[in-house]
Each structure stands twice: as structure tokens, then as C-alpha cells.
Amino acid sequence: MRTDLDAADEGELVRRVARGDRRAFDELYRRTAPWLEVRLRRRCADPDVVAEVLQDTYLTVWRAAGSFAGTAAKGGGAAAGSAVGWLWTIAAHRLVDAFRHRARRGRVPQVELMPSTAPAAEDEVLANRIGQELEQALLVLPAEVRAALRATVLDGLSTREASVLLGVPENTVKSRVRRARIALREALS
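This one's a predicted model, so the numbers in the text were calculated from it and none came from an experiment. (Residues numbered from 1 in each chain as written. Predicted model: local features only at pLDDT ≥ 70, side-chain atom pairs only at ≥ 80, totals over all residues. Heavy atoms only, no water.)

Here's the deal with the overall build of the chain
Then, in step 1: A tally of helices and strands in the chain yields 10 helices and zero strands.
Then, in step 2: Secondary structure elements of the chain occur, N-terminal to C-terminal, as α-α-α-α-α-α-α-α-α-α.
Then, in step 3: The buried share of the chain, taken over its 189 residues, is 40%.
Then, in step 4: At a minimum sequence separation of 6, the contacts of the chain that also span at least 24 residues come to 66%. (Helix = DSSP H or I, 4+ residues; strand = E, 2+ residues; numbered from the N terminus. Buried < 20%, exposed > 50% of the residue type's maximum accessible area, 1.4 Å probe, protein only. Contact = heavy atoms within 4.5 Å.)

See the structure below:
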């Protein structure tokens with residue numbers, strides 16, 4: 001049965017988790033937790049918040065895997081990428097929830113805006129797909145503008161969620177995203 005789990009993609013593992021398969025859940029966690037933790041750490045410098053979000057994310061996966069499996073069945077099956085995307089969506093929302101909770105208590109974790117030493121895998125894929133011109137235009141943007149663009153466009157967060165994530169007012173997020181779009185339009189025209 002172990003080789004059966006090794007051959008299953010993440011979408012299949014989530015469908016098995018929906019049926020209560022603990023070993024499939026363990027395998028899904030083994031494959032995705034390290035990647036997810038790195039991605040969360042890029043958005044939150046507080047290791048306690050990251051650990052809490054990871055735990056909440058996988059608890060939600062265990063409880064809500066049926067909703068993914070049901071959606072996948074209607075669409076004719078889910079690819080591994082959509083399962084990973086579903087997982088990241090859960091984690092991103094849990095991170096925003098954690099920031100809101102801390103903000104209510106007056107302790108908002110700071111988001112590190114310094115560029116990472118190694119680009120994220122999704123950044124490399126995005127850079128390869130959209131071409132060198134856009135990549136150069138993105139690199140010229142100030143870090144806080146890039147962070148607002150990443151939160152709203154790449155991570156799909158609402159302006160409100162991005163404002164909580166970045167620790168700035170909603171209007172600041174809107175103006176940073178607008179600045180980014182204007183700069184990108186000018187650089188690419």
C-alpha cells in the first residue's frame with residue numbers, strides 16, 4: 001500500500017483524506033508541509049504564528065477534504081496543482097486570520113519586506129512564463145509595492161486581507177497596487 005501512496009498525486013491524496021485515510025493525510029503532510037512552511041515564513045517573521053497557521057491549515061484539510069474532493073469530482077478530477085493551490089488558499093486565509101486575531105490583541109507580527117536570498121519556486125516559474133521584460137520591471141518596483149502586488153495578484157487576497165497581512169491601511173494597499181500597475185504598464189509599453 002505504501003507504493004500506492006507514493007504513486008498518488010496530491011489531488012488523489014486529498015480525495016483519500018476525504019474518505020478518512022490517515023496514511024494519505026500523513027503522506028500529504030510529508031510532501032507539502034515543508035514547502036508550505038517556507039512560503040508562510042516569507043510572509044510572516046513570527047515562527048509561532050507560522051506554526052499555528054500550519055497546524056490550523058492541516059486541521060482544516062482533514063476536516064474539509066470532502067469539499068475539495070466533491071469539487072474535483074464535478075470537474076472530472078483534480079490535478080495535483082489544484083490540490084496544492086487549494087492547500088495554499090487555506091493557509092493564506094489562516095495567516096490573515098492569525099494577523100487579525102493578533103491585531104485585535106494589539107500585536108501585529110511584522111512582515112519582512114527584504115527580498116529573499118533565494119527566489120521562491122513560484123517566482124521562478126512566473127518569471128519564466130512572463131518574460132524577461134516583465135521580470136525586470138518587477139525588480140525595479142520598491143519592495144513594499146512588490147509585496148502589495150504579490151499579495152493581491154499572485155496570492156489572490158482581497159485588499160482588506162492584504163492590508164492585514166502587510167500591516168498597512170487598505171487605501172495604502174490600493175495605492176501601492178495602482179503604482180505597480182502604472183509602473184509595469186510604462187515599462188512594458
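Some words on the pattern of salt bridges
Any two side chains of opposite charge can pair if their charged atoms end up close together.
Then, in step 1: Throughout the structure, instances matching the rule amount to 11 salt bridges.
Then, in step 2: Across the pair Arg41 and Glu37 runs a salt bridge whose closest N-O atoms are separated by 2.5 Å. Taken together, the positions of Arg41 and Glu37, both in helix H3 (residues 22-41) and four residues apart, correspond to about one turn of that helix.
Then, in step 3: Since its relative accessible area comes to 26%, Glu37 is described here as partly exposed.
Then, in step 4: Across the pair Arg100 and Asp97 runs a salt bridge whose closest N-O atoms are separated by 3.7 Å. One end of the pair, Arg100, and the other, Asp97, are both in helix H5 (residues 80-104), three residues apart, so they sit about a helical turn from each other.
Then, in step 5: For Arg100, a relative accessible area of 27% corresponds to the partly exposed category.
Then, in step 6: A relative accessible area of 36% means that Asp97 is categorised as partly exposed. (Salt bridge = Lys/Arg side-chain N within 4 Å of Asp/Glu carboxyl O.)

Brief notes about the packing of helix H2 (residues 10-18) against H3
Then, in step 1: As a packed pair, H2 and H3 sit with axes 8 Å apart at the nearest point and diverge in direction by 145 degrees. Both H2 and H3 take part in a crossing whose hand is left-handed. Side by side, H2 and H3 meet where Glu10, Leu13, Val14, Arg16 and Val17 of the first sit next to Ala24, Phe25, Glu27, Leu28, Arg31 and Thr32 of the second.
Then, in step 2: Its residues placed into classes, the contact of H2 with H3 shows six nonpolar, one polar and four charged. (Axes fitted to C-alpha atoms, helices over the stretch in contact; angles between N-to-C directions. Left-handed = near helix turned anticlockwise from the far one by under 90°. Nonpolar A, V, L, I, M, F, W, Y, C, P; charged D, E, K, R; others polar.)

Quick word on the side chain of Arg43
Then, in step 1: Within the fold, Arg43 resides in the loop between H3 and helix H4 (47-74).
Then, in step 2: The buried category is assigned to Arg43, whose relative accessible area is 6%.
Then, in step 3: Looking at Arg43, its side chain comes within polar contact range of the main-chain oxygen of Arg39, at 3.0 Å. (Polar contact = N/O pair within 3.5 Å; in protein donor to acceptor, adjacent residues only side chain to side chain.)

So, the side chain of Thr152
Then, in step 1: Turning to its location among the elements, Thr152 is positioned in helix H8 (residues 143-154).
Then, in step 2: Overall, Thr152 belongs to the buried group, its relative accessible area being 19%.
Then, in step 3: Ignoring anything within four residues of it in the chain, the contact list for Thr152 reads Leu157, Ala162, Val173 and Val177.

Let's talk about the packing of H8 against helix H9 (residues 159-166)
Then, in step 1: Relative to each other, H8 and H9 sit at 135 degrees, their axes nearing to 9 Å. Classified by the interaxial angle, the pair formed by H8 and H9 is oblique. In this structure, H8 meets H9 at a crossing whose hand is right-handed. Between H8, through Ala147, Ala148, Ala151 and Thr152, and H9, the contact on the second element is made entirely by Ala162, Leu165 and Leu166. (Parallel < 35°, antiparallel > 145°, perpendicular 65-115°, else oblique.)

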